[in-house]
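Understanding the architecture of this molecule
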Amino acid sequence: MATPLEQWVEETAQHTRPKNIHWCDGSEAEYNKMIADMLASGTMLELNQKAYPNCYLHRSDPSDVARTEHLTFVCTSAKEDAGPNNNWMTPADAKEKVGKLFAGAMQGRTMYVVPYIMGPVTSPFSQLGVEITDSPYVAASMRIMTRMGKAALDRLGASGNFVKGLHSLGDLSPERRFIIHFPEERLIWSVGSGYGGNALLGKKCFALRLGSFMAREEGWLAEHCLILGIEEPSGRTTYIAAAFPSACGKTNLAMLIPPESQKGYKVFTVGDDIAWMHIGADGRLWAINPEAGFFGVAPGTNYKTNPNVMETIKRNSIFTNVALTPDGLPWWEGLDGDPPANAIDWQGKPWTPQSGTKGAHPNSRFTTPASQCPSISPHWEDPNGVPISAILFGGRRAKLVPLVYQSFNWQHGVFLGATMASETTAAATSAVGVVRRDPMAMLPFCGYNMGDYFGHWLAMGKRIKQAPLIFRTNWFRQSQEGKFLWPGFGENLRVLRWVIGRVHQEAGAVETPIGYVPRPQDIDTNGIAVSPTMLQELLAVDREGWIEASHGQREFLDKFGDRMPREIWQENEALEQRLKR
Ligand code: GTP
Ligand code: SPV
Ligand code: MN
């Protein structure tokens, strides 16, 4: 008898009509064959194999370079279950409309059946998925980003307990592009895009949108969080999860290297984008990284900002939409050294620094194995994960939001996450630099009504023993002249030190209307060019500004009607009261 997987593959092949079907085993030989095929067809270019062994460049369609949130849908039976935070169609309408786009879509192409595990191979918190795709770039990338192939098939056996993801490049037209989630059926359909977050279905589609939906049903959390461990000179290690919106510094913080002046500290990377967090046997919150690789932002990455990732991407990596130098090296804006005198830009056209355009797309990225990262934690594949002591919610805000502050308690912390806003970035195809609400950095990724999502966070807090402390951070405050006030990157360790000081009740703070804010003497500024006035500005609480913000927050909370938990409203009212006092 055919297994549920075999049946689904057969049905899908009938509908999409591929030239042939390849079941991925995840072997190196298979990977090499996929790369060789793509080199032959021109969809992959070889980089300089001396400097970048086993590294390649892929250029995606110029209209297909970032997530397309307006074409992304969550199709629950009832509209209210998807919430105002998601685009919605009925499941039947979606199947009718998008089903047609899959008909015959794989003709002349190979259909890859890609079984994968999200999470360490033996973790009880890991989950299985199978992606059917007609893109060899997607199949190859899934081998870097997940535990793909035989290990997944072995764990699956004849079971039907896996998330189904069907992906086709279609004709790559934005007119016929849809990323559709059917959370009630554990099913994803994506057509018309080859871009990471739209096409590598294990990542945002499964690990966050379906993951958050499953997590609420099952009593855990699926979050857009990095996970890191900090070892202090004393040898004590504290783990932190941090939710920052897309392109707001997760990869960089996860791989932080302590600056010269901060001797004796070490940061270990557990994950850079997604955390699945469960309540452990001891009642605490434990996090695993469901991914096996990093899909990181290239621009701005260099040996000063993130030396660990620079070492990681030197081999076995796929670069997408970066520029190419005459020596076959990848290049992007913000890389170390001078720009090349001439290069080929991300669209394959001749480019010079005088061209007046970007050489690399602002959302150009690399896909690279996590195991190669010099700072990877010895515990990154622990089946039970690592215990989380603090959660940070961080946005990109030029004004108002202080460098760091702590919530009064879990409920207030959930409120701080729920009311977070951030300036948009190139990670999605809409205007860049616009402040928008992005609760818990999950606006584009929460697979159900966010009112219910905040309710789930509140309920989790009641169940966790020694709940993590919750903080807000903002590395992106600017001066009147538009300069960053805080040096960021490695120097963010100074803020993390205050955070762990609070966790272990060793650091001071002052109580303000918005939360506990460090006093100037609580943040070590030795050896950095942050003057007392700058620090004061970074830590200031602007009452007028916050009163205005609380009104904006009201408007936002109101959108969720009676799905918004009473506790979140109460927190906003309490904030307004404290500000008026
Ligand atoms: P996704 O992969 O999209 O989820 O993004 P991410 O949160 O992992 O963002 P990433 O770490 O790749 O950073 C994105 C951009 O922010 C890069 O251009 C970085 O150089 C910049 N950045 C990261 N950390 C800091 C910081 O502390 N200060 C400043 N000023 N910029 C930063
Ligand atoms: C993000 O946009 O938050 C990313 C890249 O991490 S993607 O996987 O495309 O969503
Ligand atoms: Mn992300």
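Rules behind the numbers
- Residues numbered from 1 in each chain as written.
- Chains lettered and ligands numbered in written order.
- Predicted model: local features only at pLDDT ≥ 70, side-chain atom pairs only at ≥ 80, totals over all residues.
- Heavy atoms only, no water.
- Buried < 20%, exposed > 50% of the residue type's maximum accessible area, 1.4 Å probe, protein only.
- Helix = DSSP H or I, 4+ residues; strand = E, 2+ residues; numbered from the N terminus.
- Pairing = 2+ DSSP bridges.
- Near = heavy atom within 4 Å.
- Polar contact = N/O pair within 3.5 Å; in protein donor to acceptor, adjacent residues only side chain to side chain.
- Domains from an automatic or database assignment.
- Core = buried A, V, L, I, M, F, W, Y, C linked by side-chain atoms within 4.5 Å.
- Contact = heavy atoms within 4.5 Å.
- Buried area = accessible area lost by both parts, 1.4 Å probe.
- Salt bridge = Lys/Arg side-chain N within 4 Å of Asp/Glu carboxyl O.
- Nonpolar A, V, L, I, M, F, W, Y, C, P; charged D, E, K, R; others polar.

**Remarks on the pairing of strand β23 (residues 365-369)**
Buried residues dominate β23, accounting for 5 of its 5 residues. In β23, alternate side chains face the same way, and those of R365, T367 and P369 on one face and F366 and T368 on the other are all buried. Across 5 bridges, strand β17 (residues 293-297) lies against β23 in antiparallel orientation. Counterpart to G296 in the pairing with β23 is F366. Of the pairings in the sheet, the one linking strand β18 (residues 318-320) to β23 comprises 3 bridges and is antiparallel in character. Each bridged residue has a counterpart across the sheet, and for T320 the counterpart in β23 is R365.

**Things to note about the sheet that holds strand β2 (residues 45-46)**
Read from one edge to the other, the open sheet built from 5 strands follows the order β2-β3-β18-β23-β17, with strand pairing classed as mixed. Each having just a single partner strand, β2 and β17 make up the two edges of the open sheet. Across 3 bridges, the pairing between strand β3 (residues 56-58) and β18 is parallel. The partner of L57 across the bridge, within β18, is F319.

**A short note on the site of ligand 2**
As a matter of local geometry, ligand 2 sits amid R67, Y195, G197, K203, K204, H224, S246, D273, F295, R365, A427 and F445. Residue H224 places a side-chain N or O atom 3.3 Å away from an oxygen atom belonging to ligand 2. Contact distances for ligand 2 include 2.5 Å between an oxygen atom and a side-chain N or O atom of S246. Each of two domains, domain 1 (4-44 + 67-219) and domain 2 (223-289 + 380-580), supplies a minimum of three residues to the shell around ligand 2.

**A few points about the nonpolar core**
L253 and F319 are the most contacted members of the largest nonpolar core, which has 152 residues in total. Per-element accounting of this core gives the leading share, 8 residues, to helix α8 (residues 202-218). The contact partners of L253, leaving out residues within four places of it in the chain, are L226, L228, A242, F244, V267, L392, W475, N492 and L496. Grouped together as the second largest cluster of nonpolar side chains are 27 residues, L5, V98, F102 and I180 included.

**Some thoughts on the domain arrangement of the protein chain**
Each assigned domain of the protein chain is listed here: domain 1 (4-44 + 67-219), domain 2 (223-289 + 380-580) and domain 3 (293-372). Between the C-alpha centres of domain 1 and domain 3 the distance comes to 27 Å. Contact residues are listed per partner, giving 11 residues for domain 1 and 11 residues for domain 3. Where domain 1 abuts domain 3, roughly 890 Å² becomes buried across the two surfaces, and 67% of that area is made up of carbon and sulfur atoms. The largest contributions to the domain 1 side of the interface with domain 3 come from I144, M145 and Y195, which together make up 55% of the buried area. If you look at where domain 1 meets domain 3, you find 0 salt bridges. At the boundary of domain 1 and domain 3, one finds 4 residue pairs in polar contact (both at pLDDT 80 or more). Breaking the side of domain 1 that touches domain 3 down by element, the ones donating at least two residues are α5 (136-145) and α7 (196-199). Per element, the largest residue contribution to the side of domain 1 that touches domain 3 is 5 residues, and it comes from α5. A breakdown of the residues in the side of domain 1 that touches domain 3 according to their chemical character gives 7 nonpolar, 3 polar and 1 charged.

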